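Breakdown of the fold
This is what each chain is made of:
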Amino acid sequence: MQDQQNEQGEERRELNELMAVRRDKLKAISDLGIDPFGQKFVSTHQAQEIVDNFDSLEAEETALAGRLMSMRTHGKASFADLMDSSGRIQLYFRINTLGEEGYEFLQKLDIGDIVGIKGRVFKTRRGEISVEVKELKLLAKSLRPLPEKWHGLKDVDLRYRQRYLDLIVNPKVRRVFETRSKIIQSLRDFLIQKGYIEVETPMLNVIAGGANARPFTTHHNALDLDLYLRIAPELYLKRLLVGGFEKVFEIGKNFRNEGISTKHNPEYTSCEIYKAYGNAEDMMKLTEEIFAHIALEIGGSTAVVFQGQELDLTPPWPRKPMLEAIKEYSGIDLTGLSAREARKAAQEKGVAVGDQASYGNVVEGFFDQFVEPRLIQPVFITDHPVDVSPLARRKRDNPNLTDRFEPFVVTWEVGNGFTELNDPLDQKRRFQQQAEQRKKGDDEAHMMDEDYVRALEYGMPPAGGLGLGIDRMVMLFTDSVSIRDVLLFPHMRPRP
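Read on for a plain summary of the structure. Predicted, not measured: the structure shown is a model, and the values here were computed from it.

Basis of the calculations
- Residues numbered from 1 in each chain as written.
- Predicted model: local features only at pLDDT ≥ 70, side-chain atom pairs only at ≥ 80, totals over all residues.
- Heavy atoms only, no water.
- Core = buried A, V, L, I, M, F, W, Y, C linked by side-chain atoms within 4.5 Å.
- Buried < 20%, exposed > 50% of the residue type's maximum accessible area, 1.4 Å probe, protein only.
- Helix = DSSP H or I, 4+ residues; strand = E, 2+ residues; numbered from the N terminus.
- Contact = heavy atoms within 4.5 Å.
- Pairing = 2+ DSSP bridges.
- Axes fitted to C-alpha atoms, helices over the stretch in contact; angles between N-to-C directions.
- Parallel < 35°, antiparallel > 145°, perpendicular 65-115°, else oblique.
- Left-handed = near helix turned anticlockwise from the far one by under 90°.
- Nonpolar A, V, L, I, M, F, W, Y, C, P; charged D, E, K, R; others polar.

1. Thoughts on the nonpolar core
One finds Leu191, Ile273, Leu286, Ile290, Phe291, Leu476 and Phe477 to be the most contacted residues of the largest nonpolar core, which totals 41 residues. Of all the secondary-structure elements, those providing two or more residues to this core are helix H7 (171-193), strand E10 (247-255), strand E11 (267-276), helix H9 (280-299), strand E12 (303-306), strand E18 (404-409), strand E21 (463-469) and helix H15 (470-478). Element by element, the count of residues in this core is highest for H9, at eight residues. Discounting chain neighbours no more than four positions away, the residues touching Phe291 are Leu313, Trp317, Val414, Leu468, Met473, Leu476 and Phe477. Counting 25 residues, the second-largest nonpolar core is a separate cluster that includes Ala47, Ile50, Ile129 and Leu138.

Put into structure tokens, the structure is as follows:
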């Protein structure tokens, strides 16, 4: 422990010395009358564009802006690597081209500085595409050195806390977030082409509704009113179906005051989709189409490799009722049992559930323990118990189950959907049952929403609804095992 503290102290001293040198250079640059934090610079090309189109750009004048990632001086000539958002390109500096003052100024620059250059595109004798710099401008002086051993750094926590450094020195990380943007845009375009309208609903809610989850609370000072950050936009979107919209979707943030894991972040992105006059089967087909479409857009194939496992996202995906899956993988048939009988079965099988767990809670416990870890290839798990599905329509042939589904891939639940409950009387009873669960201490149970019941009393058409977890979708398509790898700034516990 003492050795580690000594090593950290030595690293801090070295860092302070390097920063002091950079501040001295900052002053020297300022003394020359040069603004070390410069002005607008207009680029004509990007690095990768020059590399890809060298034949047509050779000997042409170009202007580039980016960060210096390496510098090598050889007497009266120097080389550097410049990185912009597209990639890297080599820069070549000669004293005869820049002039003595310009070349002397180059020596005051450091790795990490952001510069703008103008020059001629050419290829070195070794065949490397480069730009011979004729004009050099400092756009931002870097006062901290980039970590030299970043690629070997095992402190993943630091990468998440200082994502800006991670993005600077790890282009692969930046590509993940470029892919994330493409996935969201592909999803949005696909739904709009299908006739869905994108809408926005409130983030601040008087009632935390639309899902079973513990909310974050806040307070509106002017109204002297406690509010909740939304846990789901569902109830607002279904109010729009009442109002006459027939196909709507919303991509946005939700907030749930729960634990953090490789699959969970308290702030996450979802896409919720609703179709009037539809049902769960319509939404399962839409789910398959969405994943297949994005796979083709991103990778050119519905075959996706995740952690060495090839997945086939080609529709149709298998459908498997939840109780059948539990019986298959655990050997226990929970069909028709009372809550007491289900809790007894859980105790005998080693499934941890509370003494007052409902039938649906027990079913979910069995599913989480015995089924979920087996679901690698895409599959729909269907027919969930009614007491854990307060917003889903009951099945006609079994009122204890609902017309609900969850898509699973690589053991992850990547969505949730159902035929929507549009019976206001049944919905009110379900809310009342949830309210009773809250009184018993279940702070994830649904709150009573009288206004939503009132909306249903005006008549909501039969409908299908679907919620997709964008973050897990991005994890799948970028081969990322942690949700923090696909969030630019994941939530972290403050360091002491």
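2. A short note on the sheet that holds strand E9 (residues 225-229)
The strands making up a sheet associate through backbone hydrogen bonding, with each pair oriented either parallel or antiparallel. Reading across from one edge, E7-E9-E8 is the order of the three strands in this open sheet, with antiparallel pairing throughout. Two strands bound the open sheet, and with one partner strand each, they are strand E7 (204-205) and strand E8 (217-220). Of the strand pairs in this sheet, E7 and E9 are connected by two bridges, and their pairing is antiparallel. Bridge pairing in E9 links Asn205 to Tyr228.

3. Quick look at the packing of H7 against H15
Interhelical geometry of H7 versus H15 gives an angle of 120° and a closest axis separation of 10 Å. When the interaxial angle is binned, H7 and H15 end up oblique. At the point where H7 passes H15, the crossing takes the right-handed sense. The segment H7 lies against H15, with Val176, Thr179, Arg180, Ile183, Ile184 and Leu187 engaging Ile470, Asp471, Met473, Val474, Phe477 and Thr478. Partitioning the contact of H7 with H15 into residue classes produces eight nonpolar, two polar and two charged.

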